[in-house]
Amino acid sequence: MEFSNDLKKLKPWQYLRDDEIIVIDCEEAGYKVLVSVMGAGGEEFGLMIFDTENGYDGLAKILLRKIYRAIFPIV
C-alpha cells in the first residue's frame, strides 16, 4: 500500500506515456525488467512490469495491439 501511495504522489503518467518503456537494471541481482507506466489517458493508473527474458514478447504484443486498434478502430 505504501508503494501505491508513493506512486500516486509521483504521478509518472504525467511525464511518460504507456508506450515509453523504461529498463531497470538491478545489477546486484543480475536482473533487468521492462516497465511501462499506465495512466496518461486519465482512466487507469499503475505500472506494467515485465522481465526482459520472457516478458518482452508479451509487452510487444500489447503495444502492437494498441497501435493496430488506433489504425483500424472497431466500428
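Residues numbered from 1 in each chain as written. Predicted model: local features only at pLDDT ≥ 70, side-chain atom pairs only at ≥ 80, totals over all residues. Heavy atoms only, no water.

*Asks:* Any chance you could break down the overall build of the protein for me, citing the residues and the numbers?
*Replies:* A tally of regular secondary structure across the protein gives two helices and three strands. Each helix and strand of the protein, ordered N terminal to C terminal, gives the series α-β-β-β-α. C-alpha atoms of the protein, sized along the principal axes, occupy 50 × 30 × 20 Å. Partitioning the contacts of the protein with sequence separation of at least 6, the portion at a separation of at least 24 is 22%. (Helix = DSSP H or I, 4+ residues; strand = E, 2+ residues; numbered from the N terminus. Contact = heavy atoms within 4.5 Å.)

*Asks:* Residues and numbers for the side chain of Ser36, please.
*Replies:* Tracing the sequence through the fold places Ser36 in strand S2 (residues 31-38). Apart from the residues within four sequence positions on either side, Ser36 is in contact with Asp18, Glu20, Ile21, Gly46, Leu47 and Met48.

*Asks:* Mind laying out the sheet that holds S2, listing which residues take part and the relevant values?
*Replies:* Taken together, the three strands give an open sheet; going across it, the order is S1-S2-S3, and neighbouring strands pair in antiparallel fashion. Where the open sheet ends on each side, the last strands, each with one partner, are strand S1 (21-26) and strand S3 (46-51). When strand polarity is set aside, the average angle formed by the axes of neighbouring strands in this sheet is 30°. Inspection of the sheet shows S1 paired to S2 by six bridges, in the antiparallel sense. (Pairing = 2+ DSSP bridges. Axes fitted to C-alpha atoms, helices over the stretch in contact; angles between N-to-C directions.)

*Asks:* Outline unusual backbone geometry, listing residues and values.
*Replies:* The residue Lys11 is not glycine, and still its phi comes out positive at about 50°. Note that Lys11 resides in the loop between helix H1 (2-10) and S1. A residue is classified by how much of its surface remains accessible, and Lys11, at 36% relative accessible area, is partly exposed. (Buried < 20%, exposed > 50% of the residue type's maximum accessible area, 1.4 Å probe, protein only.)

*Asks:* Can you tell me about the environment of Gly46, naming the residues and giving the values?
*Replies:* The topology assignment puts Gly46 in strand S3. Spatially, the C-alpha atoms of Gly46 and Glu28 are 25 Å apart, while their sequence positions differ by 18 residues. Setting aside anything within four residues of it in sequence, one finds Gly46 in contact with Leu7, Ser36, Val37 and Met38.

*Asks:* Go over the packing of aromatic side chains with me, naming the residues and quoting the values.
*Replies:* Ring pairs (aromatic) are described by centroid distance and by the angle formed between their planes. Taken as a whole and assessed by the stated rule, the structure comprises two aromatic pairs. Ring centres 5.0 Å apart and planes at 45° place the aromatic pair Tyr68 and Phe72 in the tilted group. For Phe72, a relative accessible area of 49% puts it in the partly exposed group. (Phe/Tyr/Trp six-rings, centres within 6.5 Å; stacked < 30°, edge-to-face > 60°.)

*Asks:* So, the confidence of the model for the protein: which residues are in play, and what are the values?
*Replies:* Low pLDDT means the predicted atomic positions in that stretch should not be read closely. Per-chain confidence: the protein averages 81 in pLDDT, with 96% of residues scoring 70 or above. The least confident element of the protein, judged by mean pLDDT, is helix H2 (residues 55-71) at 79; the most confident is S1 at 86. (pLDDT = per-residue confidence, 0-100.)

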